[in-house]
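Fold and geometry: a report
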Amino acid sequence: MALNSTMVPLGTPAPDFTLPDLDGGLRSLSDFDSHALLVAFTCNHCPYVRHIEQTFGSFTTGQADLDVVAICSNDTESHPDDGPEGLAEQAARAHWTFPYLVDESQEVARAYNAACTPDFFLYGPDRKLAYRGAFDGSTPGNGMPVTGEYLAAAIELVRKGEPVPTPHYPSTGCGIKWRA
């Protein structure tokens, strides 16, 4: 079932986290020190994520002053393709070079108020929320090209130290698969 992202209030501080990456190391919020930080809640099985994953991979490559981290919070008992092996396959398939973290407890997704995949949260140098919402206007089947234009415009404004004007458009995707 498709859901829209929760429009968390702008200026909300980035919740702290420490999560395992796909190589077994731990990553924390404090490990990311670029001017801007993009936290993306994603997964392997969702058609909305698969729709943008190739463009998202090329979009994030070589972005100056931007750290990117993907987090999968789905229940892997009900969705085994979203386990570490499936996520590693996705990262290779989509040419994702950023850390991909596993939120097995789902506490990080709850702290961020993530609702769907994909769900994007962009923070400025003060790690306060500057943008939340959609990658662009494209969704599977709507015929619009996948460009990343909404997120690209937001990143550029954060780089300049300017606020991202509203309205922000919520992301649409598969609801996070919460444990019972």
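It should be noted that the structure appears before, not after, this text.
Residues numbered from 1 in each chain as written. Predicted model: local features only at pLDDT ≥ 70, side-chain atom pairs only at ≥ 80, totals over all residues. Heavy atoms only, no water.

**Regarding the sheet that holds strand β1 (residues 2-4)**
Strand order in this open sheet of three strands is β1-β10-β7, and the pairing throughout is antiparallel. Of all the strands in the sheet, just β1 and β7 (116-117) have a single pairing partner and so form its edges. Where β7 lies against strand β10 (residues 172-175), two bridges are found, and the strand directions are antiparallel. The partner of T117 across the bridge, within β10, is C174. Packing against the sheet, helix α1 (residues 47-60) makes contact with β1, β7 and β10, and its axis sits at approximately 130 degrees to β10. (Pairing = 2+ DSSP bridges. Helix = DSSP H or I, 4+ residues; strand = E, 2+ residues; numbered from the N terminus. Contact = heavy atoms within 4.5 Å. Axes fitted to C-alpha atoms, helices over the stretch in contact; angles between N-to-C directions.)

**Here's the deal with the pattern of salt bridges**
All told, the structure shown has four salt bridges when counted by the stated rule. Its salt-bridge partner being R27, residue D21 comes within 3.5 Å of it at the nearest N-O pair. Judged by its relative accessible area of 29%, R27 falls in the partly exposed class. The residue R179 makes a salt bridge to D75 at a minimum N-O spacing of 3.9 Å. One end of the pair, R179, is in the segment after β10; the other, D75, is in the loop between β5 (66-72) and α2 (84-94), and 104 residues separate them in sequence. Judged by relative accessible area, which is 10%, D75 ranks as buried. (Salt bridge = Lys/Arg side-chain N within 4 Å of Asp/Glu carboxyl O. Buried < 20%, exposed > 50% of the residue type's maximum accessible area, 1.4 Å probe, protein only.)

**A closer look at the nonpolar core**
L38, F56, W96, F120, L122 and L151 are the most contacted members of the largest nonpolar core, which totals 33 residues. At the level of secondary structure, the elements contributing two or more residues to this core comprise β4 (36-41), α1, β5, α2, β6 (100-102), β8 (119-123), β9 (129-133) and α4 (149-160). The element best represented in this core is α4, accounting for five residues. Filtering out sequence-adjacent residues up to four positions away, W96 remains in contact with T42, V49, E53, F56, G57, A70, Q90 and A91. (Core = buried A, V, L, I, M, F, W, Y, C linked by side-chain atoms within 4.5 Å.)

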